[in-house]
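Close look at the chain arrangement
Here's the letter readout for the chains.
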Amino acid sequence: MFLSESPQSQDAYRGLMGVLSDVLIKEFASSSKPYSGAEPQQVAEALQHRPVCPELPEEEGDVQSLLERVGAEVLRHSAVVTHPACAAHLHCPPLMMSAAAEAWIGATNQSMDSWDQSMAGTLLEEELIGWLCGLYNLGSSADGVFTSGGTQSNLMGLLLARNHYAWSKWGWNVQKRGLPAAACRMRVLCSEAAHFTVKQSAALMGLGEQSVISIETDDRNRMRPEALERRLIELEEGGLLPFAIVATAGTTDFGSIDPLEELAAVAEQYGIWLHVDAAYGGALAMSDRHSGLLQGIGQADSMTVDFHKGFYQAISCGAFLVRDKARFQSIRLNADYLNPEEDEDEGVPNLVIKSLSTTRRFDALKLYLSLQHYGRRAFGEMVDHTVATARATAALIREENGLELIAEPELSTVVFRYVPAWCPADVEEGEWSDELNNAIRSRLMSKGWAVLARTSVNGRRCLKLTLLNPRTEKKHTAIIVRKVIETGEILARELAASIVHKGEKTGC
Ligand SMILES: Cc1ncc(COP(=O)(O)O)c(C=O)c1O
């Protein structure tokens with residue numbers, strides 16, 4: 001049952017990996033669709049007809065049958081992230097090397113909390129963190145840690161900012177004493193387009209969502225520095241305590257990048273912590289053509305970068321970086337069984353002191369193997385390709401009468417909507433268009449033609465293509481665009497007929 005020094009276990013492992021690969025290729029990689037189209041009930045039924053934990057294994061050690069069965073029930077109905085028409089979220093296809101490295105990560109099961117559970121792993125993660133601090137120009141005192149992704153990294157940024165503020169303003173140690181009385185006056189500022197995890201972090205930190213102030217954005221969905229400054233002045237005049245600004249480098253819907261240099265100047269002037277959420281846009285640093293868009297990121301006090309987005313890593317893989325490593329002191333804990341203080345005196349590195357997780361995956365390994373195998377230039381070219389595909393797709397949409405492009409793409413997302421040519425009598429035009437856009441998205445998915453995302457802009461339902469997949473080309477998005485229009489026309493007729501039918505039945 002365990003891979004060990006015994007030749008039998010090694011043969012069994014090789015056999016298992018062979019079958020795993022075969023089923024994966026058959027049920028997932030070879031799929032001609034981005035989704036099978038199965039409805040939730042169909043998938044649930046297939047899964048529910050067996051006990052989750054049988055008393056004895058059904059397949060009696062027959063690995064092939066087990067994997068084929070589960071492959072058909074689960075892999076076959078998965079989002080095929082490698083398919084060019086799987087374009088909903090910031091959900092990347094993993095590089096083959098990253099996916100393969102997961103086998104090493106799983107089999108070696110290193111845990112990144114302490115040196116005695118991940119010796120080389122600890123040092124490799126530190127190497128990668130050092131490289132990342134350099135990539136983002138965070139200076140020689142910078143440090144960081146791998147995280148489960150943007151949610152955890154954003155929480156860490158705000159947590160460290162809050163603790164630092166309470167300590168420097170009142171000599172108050174939040175870790176030991178809990179929130180100070182003035183916590184209800186503490187405020188975080190971010191743009192209207194910032195990710196919801198800013199509010200979620202504030203809520204988790206006991207400050208409540210009320211502590212998050214949204215700052216207006218410009219016509220490209222970027223935070224307005226002058227609006228930020230105005231709001232800071234108002235808050236301070238009102239006796240409130242702004243302690244952190246969260247800038248976004250790559251907003252989820254539009255890929256917009258806040259003006260980092262200007263925001264850094266405001267943060268410095270008012271003595272406020274600047275956290276940059278570069279979960280999405282962080283990958284731009286790998287591109288020769290687009291890295292300039294991140295100008296100013298090195299002035300951040302802390303930042304988020306996700307590798308399971310534009311670095312094409314298997315989920316989960318992210319990092320939190322901080323400009324002054326001393327800031328980690330405010331969350332450090334020493335447990336006698338895990339990372340006693342004497343370890344530090346002896347120079348033994350235990351990464352748990354920088355992390356919110358205790359047991360933690362060795363995610364750094366897959367990023368390292370991918371960087372070593374493909375090299376920086378390949379990553380940069382993938383970023384460039386996705387940005388170019390988004391621009392080309394936006395141009396296609398702009399040309400179509402039946403579609404409205406909501407904004408020019410900033411990175412690799414394209415937000416648009418279907419504009420119906422007509423509207424049934426007695427139906428409000430906006431509602432008609434919302435209903436159709438929702439229905440188009442569902443129909444494209446249930447037919448297995450494309451997986452698109454949806455969002456709302458100015459209260460109106462829109463469709464979103466997130467073109468993070470470097471395999472997606474203009475020829476693929478052109479097909480999706482055509483399908484959206486054709487499906488919109490068909491659905492308009494179907495929905496209008498069902499309205500008439502309902503009206504006849506109710507006598508209205
Ligand atoms: C801008 C931004 N920040 C943070 C997050 C959260 O990241 P994760 O899903 O890795 O926790 C996302 C997710 O899409 C995001 O787009």
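Please read all numbers here as calculations on a predicted model, not as lab measurements.

Criteria and thresholds
Residues numbered from 1 in each chain as written. Predicted model: local features only at pLDDT ≥ 70, side-chain atom pairs only at ≥ 80, totals over all residues. Helix = DSSP H or I, 4+ residues; strand = E, 2+ residues; numbered from the N terminus. Rg over C-alpha atoms; globule rule 2.2 N^0.38 Å. Buried ≥ 20, exposed ≤ 12 C-beta atoms within 10 Å, placed from the backbone. Contact = placed C-beta atoms within 7 Å. Near = placed C-beta within 6 Å. Nonpolar A, V, L, I, M, F, W, Y, C, P; charged D, E, K, R; others polar. Pairing = 2+ DSSP bridges. Axes fitted to C-alpha atoms, helices over the stretch in contact; angles between N-to-C directions. Domains from an automatic or database assignment. Parallel < 35°, antiparallel > 145°, perpendicular 65-115°, else oblique. Left-handed = near helix turned anticlockwise from the far one by under 90°. Expected span 1.5 Å × (residues − 1). Arc of directions from axis to C-beta. Core = buried A, V, L, I, M, F, W, Y, C linked by C-beta atoms within 7 Å.

**Side note on the overall build of the protein chain**
When helices and strands are counted, the protein chain shows 14 helices and twelve strands. Whereas a compact globule of 508 residues would reach a radius of gyration of roughly 23 Å, the protein chain reaches 25 Å, a difference of no more than 12%. Its C-alpha atoms give the protein chain principal-axis dimensions of about 80 × 70 × 45 Å. In the protein chain, which comprises 508 residues, the proportion classed as buried is 42%. Of all intrachain contacts in the protein chain linking residues separated by at least 6 positions in sequence, the fraction that spans at least 24 positions is 73%.

**Focus: the site of the ligand**
Taken together, 15 residues sit near the ligand, with Gly149, Gly150, Thr151, His195 and Ala279 positioned nearest. A total of three residues in the shell around the ligand trace back to one element, the largest contributor, which is helix H6 (residues 150-170). Residues that form the shell around the ligand fall into these classes: three nonpolar, ten polar and two charged.

**A closer look at the sheet that holds strand E1 (residues 86-87)**
Spatially, E1-E11-E12-E10-E9 is the arrangement adopted by the five strands of the open sheet, whose pairing is mixed. Pairing within the sheet leaves two strands with one partner each, and these edge strands are E1 and strand E9 (403-405). In this fold helix H12 (residues 364-399) packs onto E9, strand E10 (413-418) and strand E12 (460-466), with an angle of close to 15 degrees to the strand it touches most, E10. The sheet contacts of helix H13 (residues 429-446) involve E10, strand E11 (451-457) and E12, and relative to E12 the element is tilted by about 30 degrees.

**Some words on the domain arrangement of the protein chain**
Accessible area lost during the coming together of the parts is what is often quoted as the interface size. Annotation of the protein chain at the domain level lists domain 1 (110-362) and domain 2 (372-506). A C-alpha centroid distance of 33 Å is found between domain 1 and domain 2. Counting from both sides, the interface comprises 21 residues of domain 1 and, opposite them, 17 residues of domain 2.

**Observations regarding the packing of helix H4 (residues 96-108) against H12**
At a closest axis distance of 8 Å, the pairing of H4 and H12 adopts a crossing angle of 140 degrees. When the axis of H4 is compared with that of H12, the two are oblique. Regarding H4 and H12, the two cross each other, and that crossing is right-handed. Across the interface between the two elements, Met97, Ser98, Ala101, Glu102, Trp104 and Ile105 from H4 touch Leu365, Lys366, Leu369, Ser370 and His373 from H12. Looking at the contact of H4 with H12, its residues break down into six nonpolar, three polar and two charged.

**Quick notes on the environment of Ala99**
Along the chain, Ala99 falls in helix H4. According to the C-beta neighbour criterion, Ala99 is partly exposed, with 17 such atoms within 10 Å. Separated by 249 residues in sequence, Ala99 and Val348 have C-alpha atoms that sit 31 Å apart. The contact partners of Ala99, leaving out residues within four places of it in the chain, are Pro94 and Ala314.

**Some words on helix H5 (residues 119-135)**
Over its 17 residues, H5 runs 25 Å from end to end, which matches the ideal 24 Å to within 8%, given 1.5 Å per residue. Those residues of H5 that fall on the buried side of the exposure criterion are Gly121, Thr122, Glu125, Leu128, Ile129, Leu132 and Cys133. The buried residues of H5 all sit within an arc of 140 degrees when viewed along its axis, so they share a single face. Away from its buried face by more than 90 degrees, H5 exposes Ala120 and Glu127. Residues of H5 that are buried sit in contact with strand E2 (143-147), strand E7 (302-306), strand E8 (318-322) and H12. One or two positions beyond H5, positive phi appears at Asn137, with a value near 55 degrees.

**Re the pairing of E12**
By the criterion of burial, E12 is predominantly enclosed, with six of the seven residues buried. Across five bridges, the pairing between E11 and E12 is antiparallel. Bridging from a neighbouring strand, Ala453 pairs with Lys464 of E12. Where E11 hands over to E12, the hairpin turn is made up of two residues, of which Asn458 adopts a positive phi near 50 degrees.

**Re the sheet that holds E8**
The strand order E2-E8-E7-E6-E5-E3-E4 describes an open sheet built from seven strands, whose pairing is mixed. Each of the sheet's edge strands pairs with one partner strand only, and the pair in question is E2 and strand E4 (212-215). Direction aside, the axes of adjacent strands within the sheet are offset by 20 degrees on average. Across five bridges, the pairing between strand E3 (residues 186-191) and strand E5 (residues 241-248) is parallel. Each residue of the ladder has a partner; that of Leu189, found in E5, is Ile245.

**Quick look at the pairing of E8**
In terms of burial, E8 is a largely internal element, five of the five residues being buried. Every second residue of E8 is oriented toward a common face, with Gly318, Phe320 and Val322 on one face and Ala319 and Leu321 on the other, all of them buried. When E2 meets E8, the two strands line up antiparallel, connected through five bridges. Each residue of the ladder has a partner; that of Asp143, found in E8, is Val322. Direction of pairing for E7 relative to E8: antiparallel, over a ladder of five bridges. Residue pairing across strands places Met303 opposite Leu321, the latter belonging to E8.

**So, the nonpolar core**
Grouped burial of nonpolar side chains is what soluble globular proteins tend to show. Core analysis: the biggest nonpolar cluster contains 120 residues, and Ile245, Leu263, Leu274 and Leu321 have the highest contact counts within it. Counting residues per element, this core draws most heavily on H12, at ten residues. Each of domain 1 (110-362) and domain 2 (372-506) contributes no fewer than three residues to this core. Setting aside chain neighbours within four positions, we find Leu321 in contact with Leu132, Cys133, Tyr136, Leu138, Ala142, Gly144, Ser302 and Met303.

**Quick notes on the packing of H6 against helix H8 (residues 197-204)**
Helix packing geometry: the angle between the two helix axes and the distance between the axes. Where H6 contacts H8, the two axes come as close as 9 Å, and the packing angle between them is 55 degrees. One finds that H6 runs oblique with respect to H8. By crossing handedness, the relation of H6 to H8 is classed as right-handed. Between H6, through Gly150, Thr151, Asn154, Leu155 and Leu158, and H8, the contact on the second element is made entirely by Thr197, Val198, Ser201, Ala202 and Leu204. Of the residues belonging to the contact of H6 with H8, the class tally is five nonpolar, five polar and no charged.

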